[in-house]
Amino acid sequence: MDIIEILFTASFWAAAIRIATPLIFATLGELICERAGVLNLGIEGIMVAGAFAGWMAVYSGTGLWVGVAVAMGVGMLFGLVHALLTVPFGLSQHVVGLGVTLLATSSTYYAYRLALPEVTNPPKIAAFQPYEIPVLSEIPLLGPALFSQTPFTYLAFVLVAVVALVLYRTPVGLAVRAVGENPAAVAAQGLSVTAIRMGAVIVGSGFMAMGGAFLTMSAFDSFFFEMVNGRGWICIALVVFGSWRPGKALLGAILFAAFDALQIRVQQTGFGAEFPYQIFLMMPYFLSILALVAMSRRAEVPAALMVPFNKGER
Amino acid sequence: MRLEPIRNPSVARRVVPIGLALGATIAIASLLASVAGANPFSVLGLILKGAFGSKFAIVETFNRATPLIFTGLAAAVAFRAKFWNIGAEAQLYAGALTTVVLGTGLLAWPSFALLPLLAFVAILAGALLLLVPAVLKTRFGVDEVVTTLLFNFIFLLFISMLLEGPLKDPMGMGWPKSARVVAEARLPRIFEGLRVHWGFALALISAFVVWIIQTRSTLGFEMRAVGLNKDAAAFAGIPVNRVLVKTALLSGGLAALGGFSEVAGLKGSLTLDLSPGYGYTGIIVAMLALLNPIGVIVAALFVAGIFVGADSMSRAADVPTYLADIMLATALLLVVLAIMLTRFRVVRD
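Fair warning: this is a prediction, and the values are worked out from it, not measured in the lab.

### Examining helix 12 (residues 293–317) of chain B
All names here are of chain B.
Item 1. Across its 25 residues, helix 12 extends 35 Å between first and last C-alpha, which sits within 8% of the 36 Å expected from 1.5 Å per residue.
Item 2. Of the residues flanking the start of helix 12, the one acting as N-cap is Asn292, its side-chain oxygen 2.8 Å from the backbone nitrogen of Ile294.
Item 3. Directly beyond the C-terminal end of helix 12, a positive phi value near 60° is found at Asp318.

Right under this line is the structure:
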């Protein structure tokens, strides 16, 4: 099949949206943290923890949405660890983030081995099923691509709108953006920079975990080691690519996912079979780096990103 | 709450928090092991016994510590200049790659010439690999954390491609592994009968060289200045970007030397599981060592001890091996917090 032909199939765009969904959740989460001035490198591990927690909850008998909530809760817990160390104590966000990733990943694997000691093939759960939205799903091309997804995917799109609304149209959002730009001014208003930043990191981490949970509860129906596979790091690049704006980040995630879906399909063509498959697997990472280079000059980085705030220091 | 710097911290202030951090790490690990059904009070003893309890265990700990000294130095050097190289994993593989490419029979040189060449080429490969993120940072302002992280994935796929293609061992029974390096390309053992190889000595020498660079050279001074305050360093006439690139070359080279040492000293060939995350663990080593090159040696032995000890403990007490990683992550986070508390006091307001 020709590459142009692939681009006009509904199944290709449906796959792109599916691949984009976990990235949308996690990118939104990272965006909230960074908008408040905190780089959260715990993202990769928090996604692993979310993927496991949501799946495990459903496997042990809860409903799917309860599973999503459990994943979010676990993510927020790791977010709390990150927030405590980086905000009031002002520790290096790089080191703490990597530490949280290692902590979340290893405790997830530990919990997995405790819960399922002798299992070689992880059990499957009854994952989210596609729900065709009446009328809309009948639009050609767009219908099957956008409106025949699982409810978990729809939630991602709703969340982008909600986050954008909260960030730009509410006092809470203003406070979050302000602590990322000029924390001293926020403190002068009598607000607690610490509380706002911690809140942003905790909520953002919850969203990251939901991104992980999508992998085990909607994209697949089981938990595997290494299943997050660098998606968290890609989301950090996507935040930069989207210049810290929810709408642009959504667009970036879909573009990126479309490219990923395309490489999977080209891999299966006669043309693609002439190259080692690893070349195709490298593409998403290269693309992320290229996106960073392309956007770096124009990026409007939050002014207080990675700058700890200590009251009383002038 | 607010943090207030302490002018002259007492000895207790400098030691107690770190002791507490390590104690808490052991307590958490014991608690987690008891969740898995082990006796919590036996955990520490079993770890110590597993890491240092026999000649075999000590040799194992030293062999584990060797690559960690290299990657720990790589992180320590870079972090001192606030250059966040998280790509030591890829750089280590770069050094391992050049070692098998040149060491599997391409050059029929005697040992005394071949080994230095292999080490030199490995350093070059690791340095070049980190040069790309370094230049992206200095030229385009691209954050090196993300680029070095992503390079790890790219480079491992590249290695996987080579191991399934041109580098695949025809005698390897279909496994993605390279051919073994020739006898002249093997680092000999330091003591007859003990499995500790000259890679460990090379690691110690490297730590010493880095210490000399950091404390006795202009470059070391410049790296520290750039790390403390980039703008002030630039104002004082230090070429910040050039210093960052030099730092990157040194850091990448050190990590790659670890790859050379693993292949030439221990494994003899290249596989995709040559490193169980030594590049990432090196960051923990560097942080625990307070970025001090001599401290890296101690921290690497400590971390290797946890790995080897926890491995043996988890087999003895039937606890999942991931406990070692949890211990390291906990130790990292708590020690970083403790270091801060040695210099600041928390004030309520």
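### Points about the interface of chain B and chain A
Item 1. The partner chain A presents 45 residues to the 47 residues of chain B that form the contact.
Item 2. Approximately 4100 Å² of surface area, both sides summed, lies buried where chain B meets chain A, with 82% of it carried by carbon and sulfur atoms.
Item 3. Counting the surface chain B buries against chain A, the share from its top three residues, B:Leu150, B:Tyr322 and B:Leu333, is 16%.
Item 4. Taken together, the links from chain B to chain A amount to 0 salt bridges.
Item 5. At the surface where chain B touches chain A, the tally comes to 7 residue pairs in polar contact (both at pLDDT 80 or more).
Item 6. Secondary structure elements with two or more residues in the side of chain B that touches chain A: strand 1 (2–5), helix 1 (11–35), helix 5 (111–140), helix 6 (144–164), helix 11 (278–288) and helix 13 (323–343) of chain B.
Item 7. With 13 residues, the top contributor of residues to the side of chain B that touches chain A is helix 6 of chain B.

### Concerning the pattern of salt bridges
Residues and elements named next belong to chain B.
Item 1. Inspection of the entire model under this criterion finds 5 salt bridges over all chains.
Item 2. A salt bridge links Glu144 to Lys137; its shortest N-O distance comes to 3.1 Å.
Item 3. Residue classification places Glu144 among the buried residues on the basis of a relative accessible area of 0%.
Item 4. Accessibility expressed as a relative area gives 18% for Lys137, which makes it buried.

### Thoughts on the packing of aromatic side chains
Item 1. The full count for this structure, using the stated rule, is 24 aromatic pairs over all chains.
Item 2. Aromatic side chains A:Phe25 and A:Phe152 sit 5.4 Å apart centroid to centroid with 65° between the ring planes, which places their arrangement in the edge-to-face category. Of this pair, A:Phe25 sits in helix 2 (residues 10–35) while A:Phe152 sits in helix 7 (residues 151–169), and the two are 127 residues apart along the sequence. Each member of the pair, A:Phe25 as well as A:Phe152, carries the same accessibility label: buried.
Item 3. Consider the rings of A:Trp55 and A:Tyr59, whose centres lie 5.9 Å apart with planes at 10°: the pair is stacked. One end of the pair, A:Trp55, and the other, A:Tyr59, are both in helix 3 (residues 43–59), 4 residues apart, so they sit about a helical turn from each other.
Item 4. An aromatic cluster is built from A:Phe52, A:Trp55, A:Tyr59, A:Tyr109, A:Tyr112, A:Phe223, A:Phe225 and B:Tyr322, whose rings are joined through pairwise contacts.
Item 5. Here the basic side chain of B:Arg64 rests over the ring of B:Phe307, its NZ or CZ set 5.3 Å away from the ring centre.

### Description of the confidence of the model for chain A
Item 1. When pLDDT is averaged along chain A, the result is 91; 98% of the residues meet or exceed 70.
Item 2. Within chain A, the element-level pLDDT minimum falls on helix 1 (residues 3–7) of chain A, averaging 77, and the maximum on helix 4 (residues 64–86) of chain A, averaging 98.

Thresholds applied
Residues numbered from 1 in each chain as written. Chains lettered and ligands numbered in written order. Predicted model: local features only at pLDDT ≥ 70, side-chain atom pairs only at ≥ 80, totals over all residues. Heavy atoms only, no water. Helix = DSSP H or I, 4+ residues; strand = E, 2+ residues; numbered from the N terminus. Expected span 1.5 Å × (residues − 1). Polar contact = N/O pair within 3.5 Å; in protein donor to acceptor, adjacent residues only side chain to side chain. Contact = heavy atoms within 4.5 Å. Buried area = accessible area lost by both parts, 1.4 Å probe. Salt bridge = Lys/Arg side-chain N within 4 Å of Asp/Glu carboxyl O. Buried < 20%, exposed > 50% of the residue type's maximum accessible area, 1.4 Å probe, protein only. Phe/Tyr/Trp six-rings, centres within 6.5 Å; stacked < 30°, edge-to-face > 60°. Lys NZ or Arg CZ within 6 Å of the ring centre and 35° of its normal. pLDDT = per-residue confidence, 0-100.

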